[in-house]
Amino acid sequence: QAYQNLENSFTKDGEGMPIYPSEFAGAYLDKGFLVIQLTDMRGNIQNEYIKKCAVNKEIRFRQAAYSLNDLAVYCSYVQDYINAGTFLSCGPIIEDNSYVISLNATSSVQLTQSVDTATAVASGMPIKIDYQNQINASATSIYGGDRITNEDTGTSMSVGICGTYN
């Protein structure tokens, strides 16, 4: 419930996507606790997030170097340098406070050129370069859900239930 309250507290853009505050670095569930990552750990800011969640017993705070807004900017910068044929997907890894970019591992000539460029651009940034043979399905957050990770490949996914109400 705390995660849902937090997500609902963010202002939405015209497409219904949340507009995150500059200090917000993401949130995830860990062993029954909502972990909120912030770039600014001052007490008054933590209190604002506790109010947004409407509960305080199950909340933990963690310092992060980069906000979700920062990660999105870094990722878009790197994407500008990747050839369209090699780029598969990208997305944040909330727990690591980083961003992963997946490149196609099968297009050898473009791949070498793109990987060299992307690796050089990502050097020193919180971006990981990953190599896949297929497009990853997006792991979107689900209210109350924990992220699931494939033990063999490290790729992530979420499980949810869909339906209609009559």
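Model, not experiment: these values are computed from the prediction.

K.L.:
Help me out: how do you make sense of the overall build of the protein in this one?
P.N.:
When you go through the protein residue by residue, the secondary structure sums to four helices and 10 strands. Listed by position from the N terminus, the elements making up the protein come as α-β-β-β-β-α-β-α-β-β-α-β-β-β. A total of 166 residues make up the protein; the buried ones form 33% of that total. Across the protein, every contact between residues at least 6 apart in sequence was considered, and the portion connecting residues at least 24 apart equals 57%. For the protein, the accessible surface area stands at approximately 10,100 Å², while carbon and sulfur atoms represent 50% of it.

K.L.:
Please clarify how the sheet that holds strand 4 (residues 33-38) should be interpreted in this entry.
P.N.:
Strands belonging to one sheet form pairs held by backbone hydrogen bonds; the direction of such a pair is parallel or antiparallel. With mixed pairing, three strands are arranged side by side in an open sheet as 3-4-5. The sheet is open, and its two borders are formed by strand 3 (24-30) and strand 5 (59-63), each paired with just one other strand. Shown here is a sheet whose adjacent strand axes are inclined to one another by a mean of 25 degrees, direction ignored. Across five bridges, strand 3 lies against strand 4 in antiparallel orientation.

K.L.:
It is not clear to me how unusual backbone geometry should be interpreted in this structure. Could you clarify?
P.N.:
Across the chain, the bulk of peptide bonds are trans and the bulk of non-glycine residues have phi less than zero. Within the chain, Lys31 stands out as a residue other than glycine whose phi angle is a positive 55 degrees. By secondary structure assignment, the location of Lys31 is in the loop between strand 3 and strand 4. The phi dihedral of Ala54 is positive, around 65 degrees, even though this residue is not glycine. Checked against the element boundaries, Ala54 lands in the loop between helix 2 (43-53) and strand 5. By relative accessible area, Ala54 is classed as exposed at 58%.

K.L.:
Explain the pattern of salt bridges here, please?
P.N.:
Oppositely charged side chains may form a pair once their charged atoms are brought near each other. Summed over the entire model, instances satisfying the criterion amount to one salt bridge. Arg42 is the partner of Asp40 in a salt bridge, and the nearest nitrogen-oxygen pair spans 2.6 Å.

K.L.:
Hey, could you run me through the packing of aromatic side chains in this one?
P.N.:
Two numbers describe a pair of aromatic rings. These are the distance of the centres and the angle of the planes. As enumerated under the stated definition, the model contains four aromatic pairs in all. Seen in terms of ring centroids, Phe10 and Phe24 are 4.9 Å apart; in terms of plane orientation they differ by 55 degrees. Their pairing is tilted. Note that Phe10 is positioned in the loop between helix 1 (2-9) and strand 1 (11-12) and Phe24 in strand 3, a separation of 14 residues in sequence. Pair check on accessibility: Phe10 and Phe24 agree, each one buried. With 5.2 Å between their ring centres and 25 degrees between their planes, Tyr20 and Phe24 make a pair best called stacked. Residue class for Tyr20 comes out partly exposed when judged on its relative accessible area of 23%.

Rules behind the numbers
Residues numbered from 1 in each chain as written. Predicted model: local features only at pLDDT ≥ 70, side-chain atom pairs only at ≥ 80, totals over all residues. Heavy atoms only, no water. Helix = DSSP H or I, 4+ residues; strand = E, 2+ residues; numbered from the N terminus. Buried < 20%, exposed > 50% of the residue type's maximum accessible area, 1.4 Å probe, protein only. Contact = heavy atoms within 4.5 Å. Areas by Shrake-Rupley, 256 points an atom, 1.4 Å probe, with all protein chains shown as cover. Pairing = 2+ DSSP bridges. Axes fitted to C-alpha atoms, helices over the stretch in contact; angles between N-to-C directions. Salt bridge = Lys/Arg side-chain N within 4 Å of Asp/Glu carboxyl O. Phe/Tyr/Trp six-rings, centres within 6.5 Å; stacked < 30°, edge-to-face > 60°.

Any functional reading would require information that these geometric values do not contain.
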